[in-house]
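Single-letter residue listing:
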Amino acid sequence: KDVDETDARRNRDVDRDRALRQYPMEARLSVLSEHPDAPWKLLSVHVRCAPKTGESDHQLGMNRKQMFDLHRIGERAMIVEEAIWKKRRERLAVEAMKGNAREDAKKEKEEEKKSEEGNDGGADNDEHTMTVDTGEHGNINPSSTPSVPRPLHRLFEVTHSFALSLQLEMLSSQAEALRRGAWGGAASAIRPTSGAGAEEATGDGIAVSPAFFFDGSGVDGIASGAIPTIAVMAVHFWSCDDRYGSPKVGDLSSGIETGEAKEGAALATPTSRSKLAQRTDDNYLPKSDRRGEKRLSLCIRAVPMVGLVVSLSGGSEVAASLSAKSDPSSLPKHSHHVQRNVDKLLSSIQDPFQLSMSDALLAATVLCAEKRCHAVVAALNNQKTNRLPTWIHLDVECGSISVAASISYFSNSPAESNPPCILFRLACDSRSGRFVPSFPRSTTLLRLLACSDGSASDIQSLRTAAMTSALRSGSVGRKGAGGRIDGATREFTGRIVRDAFDALSRAVDTLGRRCGVGGDWNDIDAQSASLRERSVVQACRDVRLSLMTCSGIAAVFGMAAIGLKVASGADPVADGAGGPIDDSNNPGTIQIPPLSVHLRQRIVEKVVNEGGDETKRISILEGELLAVTAKMSDENLELICYDVLTATESAQSVPMRLKFMPAIPPKASISTDVFNNENRLPKRHRTEHNGRTKSHHTLDEVEKAALWFESILNEP
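Source: prediction; values computed, not measured.

In this section: the sheet that holds strand β13 (residues 435–438). One open sheet accounts for four strands, arranged β9-β10-β12-β13; its pairing is antiparallel. Across the chains shown, the open sheet's two edge strands, defined by having one partner strand only, are β9 (392–396) and β13. The sheet shows a mean angle of 25° between the axes of neighbouring strands, taken without regard to direction. Summarising the sheet, strand β10 (residues 400–405) and strand β12 (residues 421–428) pair through six bridges and their orientation is antiparallel. Within the sheet, the bridge partner assigned to Val403 lies in β12 and is Phe424. In this fold helix α9 (residues 357–380) packs onto β9, β10, β12 and β13, with an angle of close to 155° to the strand it touches most, β9. Sheet contacts for helix α13 (residues 493–515): β12 and β13; angle to β13, the most-contacted strand, approximately 140°.

Ranked by size, the top nonpolar core spans 129 residues in total, and within it Leu345, Phe424, Leu511, Phe557 and Leu639 carry the most contacts. Counting residues per element, this core draws most heavily on helix α14 (residues 528–568), at 17 residues. Setting aside anything within four residues of it in sequence, one finds Leu639 in contact with Ile407, Ser408, Tyr409, Phe410, Ala555, Val556, Met559, Ala560, Thr629, Ala630 and Trp708. Counting seven residues, the second largest nonpolar core, distinct from the first, contains Phe214, Val249, Tyr284 and Leu285.

Next up on the list: the pairing of strand β8 (residues 307–313). Side-chain positions along a regular strand alternate between the two faces of the sheet. Among the seven residues that make up β8, seven are buried, leaving the element largely enclosed by the rest of the structure. In this antiparallel pair of consecutive strands, strand β7 (residues 295–303) and β8, the connection spans three residues, and Met305 shows a positive phi of 65°.

A few words now on the packing of aromatic side chains. Each aromatic ring pair is summarised here by two numbers: the centre-to-centre distance and the angle between the ring planes. Per the stated rule, a full pass over the model turns up eight aromatic pairs. When the centroid spacing of 5.6 Å and the interplanar angle of 80° are considered together, the rings of Tyr642 and Phe660 count as edge-to-face. Placement of the pair is Tyr642 in strand β18 (residues 637–648) and Phe660 in strand β19 (residues 656–663), with a sequence separation of 18 residues. Look at Phe660 and you get partly exposed, because its relative accessible area is 31%. It is Arg301 that lies over the ring of Tyr284; its NZ or CZ is 4.0 Å from the centre.

This part covers helix α8 (residues 335–350). Residues separated by three or four positions in an α-helix point in the same direction, a consequence of the helix having 3.6 residues per turn. In a regular helix each residue adds 1.5 Å, so 16 residues correspond to 22 Å; α8 covers 22 Å between its end C-alpha atoms and thus fits that length. For α8, every residue scored as buried is listed here: Ser335, His337, Val338, Asn341, Val342, Leu345, Leu346, Ser348 and Ile349. Down the axis of α8, the buried side of the element spans an arc of 165°, and every buried residue falls inside it. For α8, the secondary structure elements touched by its buried residues are α4 (151–180), β7, β8, α7 (315–321) and α9.

Cut-offs applied
- For every chain, the first residue of its written sequence is number 1, and the numbers climb from 1 along that sequence.
- With the structure being a predicted model, the display of local features is reserved for residues of pLDDT at least 70 and the display and counting of side-chain atom pairs for 80 or more, all residues being used for whole-chain, interface and lining totals.
- Side-chain numbers come from the whole structure's heavy atoms, not from hydrogens or water.
- Strand pairing is defined by DSSP finding a minimum of two bridges between the two strands.
- A run of H or I in DSSP counts as a helix once it spans at least four residues, and a run of E counts as a strand once it spans at least two, with each numbered from the N terminus.
- Where helices are involved, their axes are fitted lines through C-alpha atoms of the stretch in contact, as for all axes, and angles between N-to-C directions lie from 0 to 180°.
- By definition in these notes, contact holds between two residues if any of their heavy atoms fall within 4.5 Å.
- In this text, buried Ala, Val, Leu, Ile, Met, Phe, Trp, Tyr and Cys residues form a nonpolar core when linked through side-chain atoms within 4.5 Å.
- The buried label goes to any residue with under 20% of its type's maximum accessible area, the exposed label to any with over 50%, and the partly exposed label to all in between, with areas taken from a 1.4 Å probe on protein chains only.
- Here the aromatic set is Phe, Tyr and Trp, taking the six-membered ring for Trp, and pairing holds for ring centres within 6.5 Å; pairs whose planes are under 30 degrees apart are stacked, those over 60 apart are edge-to-face, and all others are tilted.
- Only Lys NZ and Arg CZ are tested; either one counts as a charge over a ring when it is within 6 Å of the ring centre and within 35 degrees of the ring normal.
- Given the number of residues in a helix, its expected span is that number minus one, multiplied by 1.5 Å.
- Note: the arc covers the axis-to-C-beta directions of the helix.

See below:
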């Protein structure tokens, strides 16, 4: 009894859920007669779609007039289908009657011919008769072929086309709202075709090609039978250098695998791609729509009996990399990240009850960020055209480029190869497509210097406050405010670091626009590929120089700053050891003021002659500091320390460096002190699937740097 009650309760729950369940398309039909040829009667038809929670439908829900028109059109399509098949059956019946008449006449002639012949050919006549009968029975009678109308199929075609149009209109309205809101920007209406401003003219905002419905004449002179697309819309984002052709737009996996939908998808993609070979792009938009120039595109096509087909710049490579037929070992390192965003993009567009253009656009930009990062890294690591220093290692991590370096330490012993240490990352912004440097949370000083924050340098804060007060009072002219002191100007370390990383961002942005999203391109002519490669090589040269400079800066003010603080117990300061060190014995030193920590300080009194017989006694603060900087070459990035003696006249003045000399640690190997400790076991370097040494975290390198600094500080 308990089991029966449980089953009954479960059945009631299933019936209730089934009654409350909503479908994208729902039609109720009936047959009003018991006759075998009785037609279907359409009672009601409903088309439902809704935006995702938090999104707006922009008042595009169906009203009563639209529901009535849809009902009338669907019923008309069913009636026409019934009428067509009724005429076909009548025609087949007439043809069958004519065929039977011809067979009867032919049989009468054969019987007359038999009667005229003698009995000698009886066996042959019997055999001939059997042959005729066999042929008569083997002949396919046209009247026996099934003639069944498909009114429900026609109703589905009409309803499905209307549902796709409604969903496309809702997505187009959401895209327009995004363009006017958070995703908007100063997109220029006038785009120069050449010159330096050609790449910057599109702005940071998105451009929307609203839903465009094709008529029966076809698309751009192509027969509509070859391209079953009924409507298309597109969202264009990020700037891209398409002087030599635009990136190819490819379809992502739609998840439709059966029946006529698969056949329709085959007609929708390859046929249009081959027929549109003469166009400079393949975003499925009419030629009059030029909003997609110099941009990447997210295109949505409404294909009857298939659904909403999603296409993206570089989408073919994304779909191929995630194909189940591909070798798992050849999949990208972060394929789960790509797969998750592909699923999010498709569900946000193809789920009629979760329509969200914001989620779709965000997922599309994340996919393009991943592709652009891979394209930039591939261009920089190309050994034929570019050659990065051996100590720089680049890797792609979920839409960002991690910059790692193998750091060596200046000593009398020969340099040892160290595993690469991640110094900073270049994250691709989803809104603008630009690369923004990001730093580990532990590198506080480097993060402040990259923003040119005054709190990163006490000398900069005091000097800026003194200059501001002097300029307001008029006691110091603007020329005197920017005078030189020991080769240092009013541009302190913070501003130099900020300008260096800004230059790196601009260089990588230019390279990213020229690389697009990698993969195939719609070349304009035969020379497009070589010209594009030449422009990429030119951009790689600028990136290479900026990358070396910023890596040295990050090694000194990021990792080395933490190690120096651990070894000395004091906070390292910027601008405390004067301007950049120019050491002829160590060429290649980065031109930036070194990082320093105070060891000893004393006040020295001096007598200064002020003219004539008048003298003045002043106090100067002399300090002994340990300064650290870096020198670079194509072979290694090496940290080097200096013993520096400085003199400071006042709190707001820049210290003047009196003398300096390299600080050489003992000959014992630093790595030996680290890994041969009796209280710990050595660690194996982590490796990737291709056998290359894996980059480790900044704090993993800090331990080695701290021991190196400690050996220098403890040297008598």
